[in-house]
Amino acid sequence: MTDKGKGLLAINLAVLLFGTAGLFGKLLTFSPILIVLGRVFFASIALFLFLLLKKDFMTIKKKASHYFFMLILGILLGIHWLTFFHAIQISTVAIGLLSFSTFPVYVAFLEPIIFKERFSIKYIVLALVSFIGIRLLIPRFELTDNILQGVIWGSLSGLLFAFLTLLNRKMVSYYRAGTVALYQNLIAFLVLLPFSLSILQQVNKIHDIIMLIVLGVVFTALSHTLFIYGLKIIKAKTASIIACLEPVYGILFAFLILSEIPEVRTIVGGMIIIGAVMFTTFTLKQKKKKYIEV
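Let us look at the structure shown here. Since we're looking at a predicted model, the values are computed, not measured.

Cut-offs used in this document
- Residues numbered from 1 in each chain as written.
- Predicted model: local features only at pLDDT ≥ 70, side-chain atom pairs only at ≥ 80, totals over all residues.
- Heavy atoms only, no water.
- Axes fitted to C-alpha atoms, helices over the stretch in contact; angles between N-to-C directions.
- Helix = DSSP H or I, 4+ residues; strand = E, 2+ residues; numbered from the N terminus.
- Parallel < 35°, antiparallel > 145°, perpendicular 65-115°, else oblique.
- Left-handed = near helix turned anticlockwise from the far one by under 90°.
- Contact = heavy atoms within 4.5 Å.
- Phe/Tyr/Trp six-rings, centres within 6.5 Å; stacked < 30°, edge-to-face > 60°.
- Buried < 20%, exposed > 50% of the residue type's maximum accessible area, 1.4 Å probe, protein only.
- Lys NZ or Arg CZ within 6 Å of the ring centre and 35° of its normal.
- Nonpolar A, V, L, I, M, F, W, Y, C, P; charged D, E, K, R; others polar.

Some points on the packing of helix H4 (residues 64-90) against helix H9 (residues 177-196)
And then number 1: At a minimum axis distance of 7 Å, the contact between H4 and H9 shows a crossing angle of 70°. With respect to each other, H4 and H9 are oriented roughly perpendicular. Viewed along their axes, H4 and H9 form a crossing whose handedness is right-handed. For the pair H4 and H9, contact is made by Met 70, Leu 71, Leu 73, Gly 74, Ile 75, Leu 77, Gly 78, Trp 81 and Leu 82 and by Val 180, Tyr 183, Gln 184, Asn 185, Ile 187, Ala 188, Val 191 and Leu 192, respectively.

Shown next as structure tokens:
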């Protein structure tokens, strides 16, 4: 297999793992905060060991701004995953993934504002198109409706991930992507731990612990390692377009494993959202600094 073939395979496997990670929100029945706590704990261990084996571990430079940014990134990561799994638990895997997948549109819209770069009117149009897709996901506007709640929490997760992506743009100019991912997961664990102590007893089955290990090691640490490896060979734009398949994989496996069948309006809305996201990703100018997906 050629290097390009290996890169494409790595990116596709990573996106497959990203998409199916959402199923753990249904497979694990306890609080989302415990799911995220277990995920970042085991991911931190796996990433730390991986970086040590590669002799690629980097300590944070003695700069107050770097410590501050790492803290913010860890907090954003933790809340992003909390809102993501909560969206899936109160609605469906499809609703959670599709509403979250709007994050590239948020990135395209927020990036010129945060970094004072040239703004393009087409991203406003694409944002409106994606929100039309989101509107189709919602059967009725009642705050008690679980689908509406899922869309709100999923969209908030996407917005938080957009900010996370933009802040990562700054940190990957100082540190390697694997190092940033390690510190983010570790900080997220330390921040969430005090809020989880009173409910840790909910994780009382060997099966649940094994599931959390798999989520943290395979669906977090391994998936990010594959994605970063693929980015060394495949252009970031190509990888980002492949990443648009994340909700497709998630919905497919939710159907096969959980027997979740999305409604027609969900499929139509999802196609509009994915189309807008793909066009946004395809037309974004590539930066000299690459983002990492966490």
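Some remarks on the packing of aromatic side chains
And then number 1: Following the criterion strictly, the structure yields ten aromatic pairs and no others.
And then number 2: Seen from their ring centres, Phe 68 and Phe 69 are 6.0 Å apart, and the 75° between their planes marks the pair as edge-to-face.
And then number 3: Classification of Phe 69 as buried rests on a relative accessible area of 18%.
And then number 4: Three or more aromatic residues joined by ring pairs make a cluster, and in this case those are Phe 84, Phe 85, Phe 100, Phe 103 and Phe 161.
And then number 5: Across the ring face of Trp 81, the terminal group of Arg 39 is positioned such that the distance to the ring centre comes to 3.8 Å.

Looking at the packing of helix H5 (residues 93-100) against helix H8 (residues 146-171)
And then number 1: Packing of H5 against H8 brings their axes to within 7 Å, and their N-to-C directions diverge by 35°. At the point where H5 passes H8, the crossing takes the right-handed sense. Here Ile 95, Gly 96, Ser 99 and Phe 100 of H5 come into contact with H8, specifically with Ile 147, Gly 150, Val 151, Gly 154, Ser 155, Ser 157, Gly 158 and Phe 161.
And then number 2: Grouping the constituent residues of the contact of H5 with H8 by class yields five nonpolar, seven polar and no charged.

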